[in-house]
Amino acid sequence: ISNIQPAEISANPVLDISGLNFIDLMVRQGNIENPPKTPLVPGFECSGIVEGPGDNAKGFEIGDRVMAFVNYSAWGEVVCTPMEFVYKIPDDMGFAEAAAFPMNFVTAYMMLFEVANLREGMSVLLHSAGGGVALLPDVLGRISPDGVDIVLDCLCGENTGKGLGLLKPLGTYILYGSSNMVTGETKSFFTFAKSWWQVEKVNPIKLYEENKVIAGFSLLNLLFKQGGAAQVKVVMDKLISLYKQKKIKPLVDSLWALEEVKEAMQRIHDRGNIGKLILDVEKSPTPLMANDSTETSEAGEEEEDHEGDNGNKERMPFIQ
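In this numbering scheme, every chain counts its residues from 1 along its sequence in written order. Per-residue local features are limited, in this predicted model, to residues with pLDDT of at least 70; the limit for side-chain atom pairs, both in listing and counting, is 80 or more; totals at the level of whole chains, interfaces and linings are taken over all residues. The side-chain numbers reported here are obtained from all heavy atoms of the structure, hydrogens and water having been left aside.

The chain goes by Enoyl reductase (ER) domain-containing protein in an unreviewed UniProt entry, where it is assigned to Scyliorhinus torazame.

(A) Molecular detail of the pairing of strand β11 (residues 276–280). Counting buried residues in β11 gives five out of five residues, a clear majority hidden from the surface. Pairing of strand β10 (residues 252–257) with β11 involves five bridges; the strand directions are parallel. Bridging across to β11, Leu255 finds its partner in Ile278. A crossover counts as right-handed when, viewed with the strands pointing away from the observer, the path leading from the first strand over the helix to the second turns clockwise. Per the convention used, a helix needs a DSSP run of H or I reaching at least four residues, while a strand needs a run of E reaching at least two, with both numbered from the N terminus. Between the parallel elements β10 and β11, the chain passes through helix α10 (residues 261–269) in a crossover that is right-handed. Three exposure classes are used, based on accessible area relative to the maximum for each residue type with a 1.4 Å probe and protein chains only: buried under 20%, partly exposed in between, and exposed over 50%. Two strands are counted as paired when DSSP detects at least two bridges linking them.

(B) Region of the structure containing the pattern of salt bridges. The term salt bridge refers to a side-chain nitrogen of Lys or Arg lying within 4 Å of a carboxyl oxygen of Asp or Glu. Taken as a whole and judged by the stated rule, the model has nine salt bridges. With its nearest N and O atoms 3.9 Å apart, the salt bridge here joins Lys88 to Asp64. With a gap of 24 residues between them, Lys88 in strand β5 (residues 86–88) and Asp64 in the loop between β2 (45–50) and β3 (65–69) connect regions that are remote in the sequence. Residues Glu97 and Lys249 are paired through a salt bridge, measuring 2.5 Å at the closest nitrogen-oxygen approach. Residue Glu97 is found in helix α2 (residues 95–99), and its partner Lys249 is found in the loop between α9 (229–244) and β10; the two are separated by 152 residues along the sequence. For Lys249, a relative accessible area of 58% puts it in the exposed group.

Written out as structure tokens, the structure is:
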């Protein structure tokens, strides 16, 4: 592509696979600070094939299999992003796995090991694991009566005070999202205000007295607003090494055509997924077997696989 700026690369339009994240729902509803003006192409991570490296994009060649962070536009057929946000895909990793890899794994790793300093023997409470709240406080009280060392909260709202209350001394509470503010088809001022009203005000003196730490983490802000690409690259290199050692593996919930993005986003909204939803520009929409309902979903038959993607699940139409 002749007009690509130096040190940028483009993903091949023949194969562009994107990850679908809860932040995409927040963008859709306007529940983010300073959203870009419409029309816009959503999406913050993708995988594909290098079509045209910029003049200064050293280390990448046409045809390289890559995954990348993108500051919007990851759902496009052609994606252009600076090379500092691009990583080569391991030989045994499929494109769908690669699209599910960057945001989730980097966020988890940096929160646990760089913010909370996770060590052997520590306990972690993760809200909304796999799309649903992992443990209710009363259940946690039976499992870990003394509390936990780390709380990872992507819900916000009334869970904030509960999470802080569950921390052990020297424990760390990390807020990395506010999914409780996303309800319905459009942004609701009432719901937004109610969620913020439920957030317990943090008293610094109380944190001092109880020896607790409260922190926030936004990978997208770190990458695109705070110049953290070099820090993230170090983490990505570690994660790719762990993948090659078969110690970690992305979990793909289902594959969706771009025409099915409404249904895919509804599945995330309803917390019906276990693992990552993937948008595939090459996939044809799956005919629905019944009314379009998102109450239940199962893995269906495999579609024609992309190279290295054996085992990834294609969506089965929702059945009432």
